[in-house]
Amino acid sequence: MKMGRLDKYARQFKRKEPTKVLPIRMPESIYNQFRERCEDLGLSMSEAGYLLIKEEIESDVYASYTNEVAVTTNSLQTPIQKEDAPTTKVVGRKTSLPSTRWTSASYEIENELPCPLCNQWYSKANFSRHVKNHNFTTREILESHQEIINQMIEHRKDN
């Protein structure tokens, strides 16, 4: 017969600590299989459930501890390959084409954008909020008033 997780706990010690009850619902077929397995090992179903839960919790603690140790000791490990050894470059996916997303970058000067309706420059961070007062989006106002904006940009570059 194959050794299961509960075999190593068959009739071990009991703790003297306050306990809580954990009612569990499961399909009848699993309940019957588990009951039979517990009887074979001389364990009550409560003891077996406790041992399984305890092992699960302790394995999580062990895993987190070993991960922590691994993280702190990684820097102590010597590299597998010499630092001056040639390496093989792994070719990833092809570089992407330039984005087709619209940006206001071509209209920016010193992190500001021109408002053609006010004939003033506003912070790029606040520009969208400002143009909403004119009932436009940033793109709409900049693209629909190209001539005035070009004059503002030239004037700003000259000064």
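What comes next is a walk through the structure. (Residues numbered from 1 in each chain as written. Predicted model: local features only at pLDDT ≥ 70, side-chain atom pairs only at ≥ 80, totals over all residues. Heavy atoms only, no water.)

Before going further, it helps to spend a moment on helix H3 (residues 124-132). Listed as buried for H3 are Phe127, His130 and Val131. Within H3, the buried residues cover an arc of 85° as seen down the axis, which keeps them to one side. Structural note: H3 exposes Ala125, Arg129 and Lys132 on the side pointing more than 90 degrees away from its buried face. Buried-residue contacts for H3 involve strand E1 (112-115), strand E2 (120-123) and helix H4 (138-144). (Buried < 20%, exposed > 50% of the residue type's maximum accessible area, 1.4 Å probe, protein only. Helix = DSSP H or I, 4+ residues; strand = E, 2+ residues; numbered from the N terminus. Arc of directions from axis to C-beta. Contact = heavy atoms within 4.5 Å.)

Next up on the list: the pattern of salt bridges. Counted under the stated rule, the structure contains six salt bridges. Glu143 is paired through a salt bridge with Arg139; the nearest N and O atoms lie 3.4 Å apart. Here Glu143 and its partner Arg139 are both found in helix H4, four residues apart, which amounts to about one turn of the helix. Glu143 gets classed as partly exposed once you look at its relative accessible area, which sits at 38%. Look at Arg139 and you get partly exposed, because its relative accessible area is 43%. (Salt bridge = Lys/Arg side-chain N within 4 Å of Asp/Glu carboxyl O.)

So, about unusual backbone geometry. One non-glycine residue, Asn111, adopts positive backbone phi at about 65°. Within the secondary structure layout, Asn111 lies in the loop between helix H2 (45-73) and E1. Residue Asn111 is classed as partly exposed on the basis of its relative accessible area, which comes to 48%. Located in the positive-phi region is Asn135, a residue other than glycine, with phi close to 60°. Note on placement: Asn135 falls in the loop between H3 and H4. With a relative accessible area of 70%, Asn135 lands in the exposed category.

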